[in-house]
Amino acid sequence: MPSSVLNVTVDCADPYTLCRFWSQVTGKPMPDTDQPGDEEVGFELNDGTNLLFIRVPEPKTVKNRLHLCLQPDIPRDEEVERLLGLGATLYDDLRNPDGTGWVVLADPEGNEFCVLRSAAERAATS
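As the structure is a prediction and not an experimental result, all values here were calculated from the model.

Some words on the overall build of the chain
- When helices and strands are counted, the chain shows 3 helices and 7 strands.
- By the compact-globule yardstick of 14 Å for 126 residues, the chain fits well, its C-alpha radius of gyration being 15 Å.
- On the principal axes, the C-alpha backbone points of the chain span a range of 45 × 35 × 30 Å.
- Each of the 126 residues in the chain was classed as buried or not, and the buried ones make up 33%.
- Long-range contacts, defined here as pairs at least 24 residues apart, represent 52% of the contacts in the chain between residues at least 6 apart.
- Accessible surface computed for the chain: about 7800 Å², of which carbon and sulfur atoms make up 53%.

Structure, rendered in structure tokens:
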């Protein structure tokens, strides 16, 4: 039998703050038991996989080798603005004049992630 992914783990300096950011990004609640100062916090995504944040002593120094790609329910550009308002920063803008493409953002600790077009936007251009 094959293995299943139980956790996607992010090493970070402040697990609680980063978890709170990603909880807002995904709309998934953090457990009430997670508190500021905890060494490990996380929450469950749609399919039972957990997004887990673990405190490590060293800072992030290079580009991620693994990152998340988000497909929002709302138009991509609206989601990018929402995420910037939550504390993300623009890393790279790969949007095309025809509306295709994506945006690379970074979370508050500099971890890169992509915002793709919504399913409706993809269907409208296929």
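Brief notes about the packing of helix 1 (residues 15-26) against helix 2 (residues 76-86)
- It is at 10 Å that the axes of helix 1 and helix 2 come closest, and there the two elements cross at 155 degrees. By the criterion of interaxial angle, the relationship of helix 1 to helix 2 is roughly antiparallel. Note that helix 1 runs across helix 2; the crossing there is right-handed. Contacts from F21, Q24 and V25 in helix 1 reach E79, R82, L83 and L86 in helix 2.
- The residue inventory of the contact of helix 1 with helix 2, partitioned by class, reads 4 nonpolar, 1 polar and 2 charged.

Remarks on the nonpolar core
- If you look at the biggest cluster of nonpolar residues, it comprises 21 residues, and the most contacted ones within it are W22, F43, F53, L83, L105 and F113.
- For this core, the elements supplying multiple residues, two or more each, are strand 1 (7-12), helix 1, strand 2 (40-44), strand 3 (50-55), helix 2, strand 6 (101-106) and strand 7 (112-115).
- If you tally residues by element for this core, the top one is helix 1, at 6 residues.
- Those residues within four positions of F53 in sequence are excluded, and the remaining contacts are V10, C12, P15, L18, C19, W22, E39, E40, V41, G42 and F43.

Topic: the packing of aromatic side chains
- Summed over all chains, the structure comprises 4 aromatic pairs.
- Plain terms: the ring middles of W22 and F113 are 4.8 Å apart, the flat faces sit at 70 degrees to each other, and that makes the pair edge-to-face. With W22 in helix 1 and F113 in strand 7, the pair connects residues that are 91 residues apart, well separated along the chain. Residue W22 shares its accessibility class with F113, and that shared class is buried.
- Every member of this aromatic cluster is reached through a ring pair, and the members are F21, W22 and F113.

As for helix 2
- For helix 2, the full list of buried residues reads R76, E79, V80 and L83. Taken end-on, helix 2 shows its buried residues confined to a sector of 105 degrees, consistent with a single buried face. Away from its buried face by more than 90 degrees, helix 2 exposes E81 and G85.
- Taken together, the buried residues of helix 2 touch helix 1, strand 4 (68-70), strand 5 (89-95), strand 6, strand 7 and helix 3 (119-124).
- Where helix 2 ends, the next residue or the one after it, G87, has phi of about 120 degrees, a positive value.

Quick notes on the rules
The residue numbers shown here count from 1 along each chain, following its written sequence. Whole-chain, interface and lining totals are the exception, using all residues; otherwise, since this is a predicted model, local features are given only for residues with pLDDT of at least 70 and side-chain atom pairs are given and counted only at 80 or more. Hydrogens and waters are ignored; side-chain quantities use all the structure's heavy atoms. A run of H or I in DSSP counts as a helix once it spans at least four residues, and a run of E counts as a strand once it spans at least two, with each numbered from the N terminus. As a reference, a globule follows 2.2 Å times the number of residues to the power 0.38, and the radius of gyration itself is taken over C-alpha atoms. Burial classes: relative accessible area under 20% of the type maximum marks a residue as buried, over 50% as exposed, and values in between as partly exposed (1.4 Å probe, protein chains only). For this analysis, residues touch if any pair of their heavy atoms sits within 4.5 Å. The accessible surface values rely on the Shrake-Rupley method and a 1.4 Å probe; as for residues, cover is taken only from the protein chains in view. Lines fitted to C-alpha atoms define the axes here, with helix axes fitted over just the stretch in contact, and angles between the N-to-C directions of these axes take values from 0 to 180 degrees. Here roughly perpendicular refers to angles of 65 to 115 degrees, roughly parallel to angles under 35, roughly antiparallel to angles over 145, and oblique to all remaining angles. Put simply, a crossing is left-handed when the front helix is turned counterclockwise from the back one by less than a right angle, and right-handed when it is turned clockwise. Residues are grouped as follows: Ala, Val, Leu, Ile, Met, Phe, Trp, Tyr, Cys and Pro are nonpolar; Asp, Glu, Lys and Arg are charged; every other residue, Gly included, is polar. In this description, a nonpolar core means a group of buried Ala, Val, Leu, Ile, Met, Phe, Trp, Tyr and Cys residues linked to one another through side-chain atoms lying within 4.5 Å. Ring pairs shown here join Phe, Tyr and Trp side chains whose ring centres sit within 6.5 Å, with only the six-membered ring taken for Trp; geometry is labelled stacked below 30 degrees between planes, edge-to-face above 60, and tilted in between. Relevant arc is that of directions from the helix axis to the C-beta atoms, nothing else.

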